[in-house]
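Structural overview for review
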There are 2 protein chains.
Amino acid sequence: MSISTASKALNNTGRMGDETRERVKRAAADIGFRPNALARGLLSNRTFTIGLLTNDTYGRFTLPVMAGITEALVDHGVSVFLCTIEDDPALGKVHVDAMLDKHVDGIIASGKRIDRRLPVDLSNLPVPVIYAFTEGAPGSVTFCADDYQGAALAVEWLQGLGRRRIAHVTGPESFVSVRERAKAYRDLAGDRLPVMYGMWSEAWGHEAVAQLWSAAGAKPDAIFCGNDQIARAVVDALRERGVRVPEDVSVVGFDNWEIVAAQTRPPLTTVDMNLKALGREAGLTVLALAEGRSVEPGIRTLPCELVVRQSCGGSPDR
Amino acid sequence: MSISTASKALNNTGRMGDETRERVKRAAADIGFRPNALARGLLSNRTFTIGLLTNDTYGRFTLPVMAGITEALVDHGVSVFLCTIEDDPALGKVHVDAMLDKHVDGIIASGKRIDRRLPVDLSNLPVPVIYAFTEGAPGSVTFCADDYQGAALAVEWLQGLGRRRIAHVTGPESFVSVRERAKAYRDLAGDRLPVMYGMWSEAWGHEAVAQLWSAAGAKPDAIFCGNDQIARAVVDALRERGVRVPEDVSVVGFDNWEIVAAQTRPPLTTVDMNLKALGREAGLTVLALAEGRSVEPGIRTLPCELVVRQSCGGSPDR
DNA sequence: AATTTTTGAGAAAAGCTTTTCTCATATTGA
DNA sequence: TCAATATGAGAAAAGCTTTTCTCAAAAATT
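So, a few notes on the structure that sits alongside this text. (Residues numbered from 1 in each chain as written. Chains lettered and ligands numbered in written order. Predicted model: local features only at pLDDT ≥ 70, side-chain atom pairs only at ≥ 80, totals over all residues. Heavy atoms only, no water.)

**Here we look at the overall build of chain A**
Using the following cut-off: Working definition: helices are DSSP H or I runs of at least four residues, strands are E runs of at least two. Numbering for both runs from the N terminus. Each radius of gyration reported is based on C-alpha atoms, and the globular scaling rule is 2.2 Å times the count of residues to the power 0.38. Contacts between residues were defined by any pair of non-hydrogen atoms, one from each residue, lying within 4.5 Å. The Shrake-Rupley method, run with a 1.4 Å probe sphere, supplies the accessible areas, and residue values consider only the shown protein chains as cover.
In terms of helices and strands, chain A carries 11 helices and 12 strands. In terms of C-alpha radius of gyration, chain A reaches 25 Å, well past the compact-globule figure of 20 Å for 318 residues. With respect to the principal axes defined by its C-alpha atoms, chain A has extents near 90 × 45 × 30 Å. Counting contacts in chain A only where the partners sit at least 6 residues apart, residues at least 24 apart contribute 70% of the total. Carbon and sulfur atoms make up 52% of the accessible area of chain A, which amounts to about 13,600 Å² in all.

**Things to note about the relation of the copies chain A and chain B**
Definition in use: Here the copies are superposed with least squares, the fitted atoms being C-alpha atoms of residues at a pLDDT of at least 70 in both.
For the pair chain A and chain B, the relating rotation is 180 degrees, the translation along its axis is 0.0 Å, and the fit reaches an RMSD of 0.1 Å. One copy is carried onto the other by what is essentially a two-fold rotation axis. If distances are taken from each C-alpha of chain A to the rotation axis, the shortest is found for A:Phe81, at 2.2 Å. Both copies share a contact surface, since 100% of the interface residues of chain A are interface residues in chain B too.

**Here we look at the protein's contact with DNA strand D**
Formally: Nearness is defined per residue: one heavy atom within 4 Å of the molecule or strand is enough. Side-chain atoms alone can form a polar contact between residues adjacent in sequence; in general such a contact is a pair of N or O atoms within 3.5 Å, and within protein one must be able to donate a hydrogen while the other accepts it. For this scheme, ten residues count as nonpolar: Ala, Val, Leu, Ile, Met, Phe, Trp, Tyr, Cys and Pro. Four count as charged, namely Asp, Glu, Lys and Arg, and the remainder, Gly too, count as polar.
Contacts to DNA strand D come from 24 residues, most closely from A:Arg40, B:Thr5, B:Lys8, B:Arg15 and B:Thr20. When the atoms of DNA strand D within 4 Å of the protein are sorted by group, sugar and phosphate make up 53%. In this structure, A:Asn11 approaches DNA strand D through a side-chain N or O atom, which is 3.1 Å from a phosphate oxygen. Here a phosphate oxygen of DNA strand D sits 2.9 Å away from a polar atom, N or O, in the main chain of A:Asn36. Counting only elements with at least two residues in the surface near DNA strand D, the list comes to helix H1 (3–10) and helix H3 (37–44) of chain A together with helix H1 (3–10) and helix H3 (37–44) of chain B. By residue number, the principal contributor to the surface near DNA strand D is H1(A), which donates 4 residues. Split by residue class, the surface near DNA strand D holds 10 nonpolar, 9 polar and 5 charged.

**Considerations on unusual backbone geometry**
Applied cut-off: To sort residues, take the accessible area from a 1.4 Å probe on protein chains only and compare it with the maximum for the residue type: under 20% means buried, over 50% means exposed, and anything in between is partly exposed.
In this chain, A:Arg265 is followed by A:Pro266 through a cis amide linkage whose omega measures -5 degrees. Of note, A:Pro266 is situated in the loop between helix H10 (258–261) and strand E10 (269–272). Of note in the backbone geometry, B:Asn124 takes a positive phi value of approximately 60 degrees without being a glycine. Along the chain, B:Asn124 turns up in the loop between strand E3 (106–110) and strand E4 (129–132). Classification of B:Asn124 by relative accessible area gives exposed; the value is 78%.

**A few points about the sheet that holds strand E7 (residues 196–197) of chain A**
Residue and element names in this part refer to chain A. Here is the rule we go by: Being paired, for any two strands, means DSSP has found at least two bridges between them. Structural elements are reduced to axes, namely lines fitted to C-alpha atoms, with helices fitted over the stretch in contact, and the angle between N-to-C directions of any two is expressed from 0 to 180 degrees.
In spatial order, the strands read E7-E6-E8-E9-E10-E12; together these 6 strands make up an open sheet with mixed pairing. Since the sheet does not close on itself, it has two edges, and those belong to E7 and strand E12 (305–307), each with one partner. When strand E9 (residues 250–254) meets E10, the two strands line up parallel, connected through 3 bridges. Each bridged residue has a counterpart across the sheet, and for Val-252 the counterpart in E10 is Thr-269. Together, strand E6 (166–170), strand E8 (222–225), E9, E10 and E12 form the strand contacts of helix H6 (residues 147–160), whose direction differs from that of E9 by roughly 165 degrees. Contacting E6, E8, E9 and E10, helix H9 (residues 228–240) crosses the sheet at an angle of about 160 degrees to E9.

**Some points on the pattern of salt bridges**
Basically, it comes down to this: When a carboxyl oxygen of Asp or Glu lies within 4 Å of a side-chain nitrogen of Lys or Arg, that pair is called a salt bridge.
Applying the stated criterion across every chain, the model contains 41 salt bridges over all chains. For A:Arg23, the salt bridge is made with A:Glu19, and the minimal N-O distance between the two is 3.4 Å. Here A:Arg23 pairs with A:Glu19, and both are found in helix H2 (residues 18–30), just 4 residues apart, close to one helical turn. A relative accessible area of 41% means that A:Arg23 is categorised as partly exposed. A:Glu19 gets classed as exposed once you look at its relative accessible area, which sits at 53%. For B:Arg46, the salt bridge identified is with B:Asp105, shortest N-O distance 3.0 Å. Of the two residues, B:Arg46 is situated in the loop between H3 and strand E1 (49–54) and B:Asp105 in the loop between helix H5 (89–101) and E3; the sequence distance between them amounts to 59 residues. Among the residues examined, B:Arg46 registers a relative accessible area of 14% and is labelled buried. What you see here is one network of salt bridges that share partners, running through A:Glu202, A:Arg232, A:Asp236, A:Arg239, A:Glu240, A:Arg265, B:Glu202, B:Arg232, B:Asp236, B:Arg239, B:Glu240 and B:Arg265.

**Considerations on the pairing of strand E1 (residues 49–54) of chain A**
Residue and element names in this part refer to chain A. To keep things clear, this is the line we draw: Note on handedness: a clockwise path from strand one over the helix to strand two, with the strands aimed away from the viewer, defines a right-handed crossover.
For E1, a buried count of 6 out of 6 residues is recorded, marking the element as mostly surrounded by other parts of the structure. The pairing of E1 with strand E2 (residues 79–84) spans 6 bridges and is parallel. Along E2, the bridge assignment pairs Leu-53 with Cys-83. On the question of chirality, the crossover connecting E1 to the parallel E2 by way of helix H4 (residues 62–73) is right-handed. Both E1 and strand E3 (residues 106–110) contribute to a ladder of 4 bridges, which runs parallel. Bridge pairing in E3 links Gly-51 to Ile-107.

Rendered as structure tokens:
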């Protein structure tokens, strides 16, 4: 039995008798033959390997993205190198070089905010690069969540529950995500209340509630928060003041960070950015690029969805 | 110029004139030559690639471990495949097979608790396997944190601050980690107070405080918590009751989960399991195994350390 | 029955390095 | 000056697949 015959039998290629083909396959299965992906890659220029590059140390955003990528690609036999580069360009270069040496089929760049570049140069690489939840190079394909739409979802939900004095407590104005969300808030909730920019911390949530409740005049009946950590703090601060959530005030978060949203009392209704779906799309897209299919460049925006828990009233609570 | 001469020049091997060697190196640098790791691996049976397998979806434990592995191995040119298998054996097999096909030099199995196996068979693999923060197969090398020592650190710290009625609010007794920590607590703090087993949730932290403060008799002057989430809830619950932390009661957590420990008011003094160091050791160990060096099997326990913030009093607070 | 077509299987090359061996030239010593 | 040694460089094989080409035997056609 020649090597080439065996190869053709196993790959269902070439011409040969059905009986021979079967016999080869059986023998291969018997001895547990697994073709060497390296030799294969050497020939085909495909390694069924991609790299995921991120500066998101805690994995808050990158892990869901990664889960989506893996889910989409594992069926295609693709494995993923995860490289967490803090904000160190030298380290970034080392990792990228390592990936290139290993001939990854493509690279997905990700991060912790959509308006910052990774501290590493990904232009003119010999492999396709696509961006997911981080700022992409011009002319590249970039995936990100639709902050405006997500925020609109939140505000409309509050309005649908009859809330009319909705406050918006959010992160630093320097984030585009923050500005997008604030824009949706202003467009929909009017501008009776100013947007409260601050920090991504619980401390700011407490502080914001203190400001709102110490101001003169009518208090808000709903607070739309820029992320779940702020929302959690807001809920805690309200409880400490004896304000009931959701009876007196509805609170919506952003991110659907399980670990925060589900542990808050009451659990947070919050906007989910569908990062897993984003990862899935990104994965499928590098794969397409790697296979030589062409893909329209540009920014692809994926819709968010609202996860309803109990911090607003509405359906899943009493 | 022959290919073999070039190879020898670049690898500083073989005999040749210094001038030739230099010339080759310069030329290689000029054209940006990078040796193909696949061809290299085909020959040397080393791919400078390892797999990290985990069922820890949120990356709470695995990400620090991964950071350690990467940190230790990136200098050796090793890249890491991250495979998150929920608790799905089929998915696990797919991922392991994919890694084997790609001829990883070794596999590190990790997880979210040290007394559960990953739902996948890693015995009789053609590559070395080591375990980090998950239960290993008999005869394997396993790394884990020293729960007893970590807990002792916490209790002794409280005692050093003059606390005498120390309570222990922790997770489910089914976890060995919980039992180990409880053992240290009992050995050191005596058994005036029963260990309070419960769940890994904030709800349990609140509940436990309610139980402690509704019981008759003297109240605790310190609470050693089984993890940071419980600790956080305990701190919140105490504050709600008007009990001052750390003036009236000191609280220690476990895990040093930044995102919880640092956001708690006051920030938590807590035990850090040094997962990054654990990852580093694990990485270096697979590498050793991959290079054919022999390694003593068994369970290696790495010491925890106490991270002092403000929830106990003591140094970094007023 | 002789020739053409079809069919099945093997040989060889390619993909990129590294390593071992061989060989020609330069150098040293007698 | 001639033989023996040292030195530098190239040829070839190996590592594992896949693909293209070649070729012999079987089948079909005239």
